[in-house]
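Report on the structure
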Amino acid sequence: MNTIFKVNSLTESEDFVFFTNHQLESNPLVAKMYKIMHQNSTVLISLNYLNELDPFIIQNIHYETIKETDSIDGYVTDQCIVKNELDSNFLRELSTMVKDKHLIIGPSFSNIPYFLQSKNLEIAIQHNATAVMYDVRNIDFKNYNELKPLAKLKSFARKRIEIIPVVESVEKRDELLSLIPFQTVCILD
């Protein structure tokens, strides 16, 4: 079982780390420095630039960031989700650029209405996304009805694509894993 941690310092050493745009350290150069310092770590960076609204600019920021971070192991984006659907053309381009690295759909995927999630998961699979994050930070794990969409999505995905739940703490990770087993969990506070 893997845990993806958000790091706040270059000296923190974790096996699997995620640099988000909500941190001062979201600068791609800092992520590259982290990768140099911790070569055995798998480093993911967020490609989200949520202040930008123009689709052309968003896509070009994604492309240029990928070009400039060739040592990074993978990328996470929420901005391939447009009006409750994954943008197939954008995902195809990202997949081509990312090649054999991780391409992960971000936690906003959980905001897609439940009845459209399996359809969008098929689009992600078709365009070689390696995983989809699913935000469960506001879910009561004791309420089965709140966990049901995640469990069904995991069952639908099978071994074709990985579902990565996003929780807020190690304790919540352990609580979730006691209910539903996952290969990877991401901890974002």
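Structure shown above.
Summarised in this report is the structure supplied together with it. (Residues numbered from 1 in each chain as written. Predicted model: local features only at pLDDT ≥ 70, side-chain atom pairs only at ≥ 80, totals over all residues. Heavy atoms only, no water.)

Moving on to the packing of helix α4 (residues 114–126) against helix α5 (residues 144–157). Contact geometry of α4 with α5 gives a least axis separation of 11 Å together with a crossing angle of 25°. Judged by the inter-axis angle, α4 sits roughly parallel to α5. α4 and α5 meet at a crossing whose hand is right-handed. Where α4 approaches α5, its residues Tyr114, Gln117, Ser118, Leu121 and Glu122 are matched on the opposing element by Pro149, Lys152, Leu153, Phe156 and Ala157. By residue class, the composition of the contact of α4 with α5 is six nonpolar, two polar and two charged. (Axes fitted to C-alpha atoms, helices over the stretch in contact; angles between N-to-C directions. Helix = DSSP H or I, 4+ residues; strand = E, 2+ residues; numbered from the N terminus. Parallel < 35°, antiparallel > 145°, perpendicular 65-115°, else oblique. Left-handed = near helix turned anticlockwise from the far one by under 90°. Contact = heavy atoms within 4.5 Å. Nonpolar A, V, L, I, M, F, W, Y, C, P; charged D, E, K, R; others polar.)

What follows concerns the pairing of strand β1 (residues 2–6). In terms of strand pairing, β1 meets strand β10 (residues 184–187) through four bridges, oriented parallel. Paired with Asn2 across the two strands is Thr184, which belongs to β10. The pairing of β1 with strand β2 (residues 16–19) spans two bridges and is classified as parallel. Considered in β2, the bridge of Lys6 is made with Phe18. (Pairing = 2+ DSSP bridges.)

We now examine the sheet that holds strand β9 (residues 162–167). Strand order around the closed barrel formed by eight strands is β1-β2-β3-β4-β7-β8-β9-β10, with parallel pairing between neighbours. Looking at each pair of strands side by side, their axes are set apart by 25° on average, direction ignored. Across five bridges, the pairing between strand β8 (residues 131–135) and β9 is parallel. Opposite Asp135, over in β9, you have Val166 as the bridge partner. Across the sheet, α5 is in contact with β8 and β9; its angle to β9 comes to roughly 155°.

Before going further, it helps to examine the nonpolar core. Counting 46 residues, the largest nonpolar core has Phe19, Leu86, Ile105, Phe109, Leu121 and Ile163 as the members making the most contacts within it. Setting aside residues up to four positions removed in sequence, Leu121 forms contacts with Phe109, Val132, Leu153, Phe156, Ala157, Ile161 and Ile163. Formed by 12 residues, the second largest nonpolar core is a distinct cluster that contains Ile4, Ala131, Cys186 and Leu188. (Core = buried A, V, L, I, M, F, W, Y, C linked by side-chain atoms within 4.5 Å. Buried < 20%, exposed > 50% of the residue type's maximum accessible area, 1.4 Å probe, protein only.)

Before going further, it helps to examine the pattern of salt bridges. Following the criterion strictly, the structure yields eight salt bridges and no others. Between Lys6 and Asp189 there is a salt bridge; the shortest N-O distance is 3.0 Å. Pair noted here: Lys6 is in strand β1 and Asp189 is in the segment after β10, with a separation of 183 residues, a long-range link. Residue Asp189 is classed as exposed on the basis of its relative accessible area, which comes to 68%. A salt bridge links Glu85 to Lys119; the shortest N-O distance between them is 2.7 Å. With Glu85 in strand β6 (residues 85–86) and Lys119 in helix α4, this residue pair connects regions lying 34 residues apart in the sequence. (Salt bridge = Lys/Arg side-chain N within 4 Å of Asp/Glu carboxyl O.)

All quantities given are derived from atomic positions and should not be read as evidence of function.
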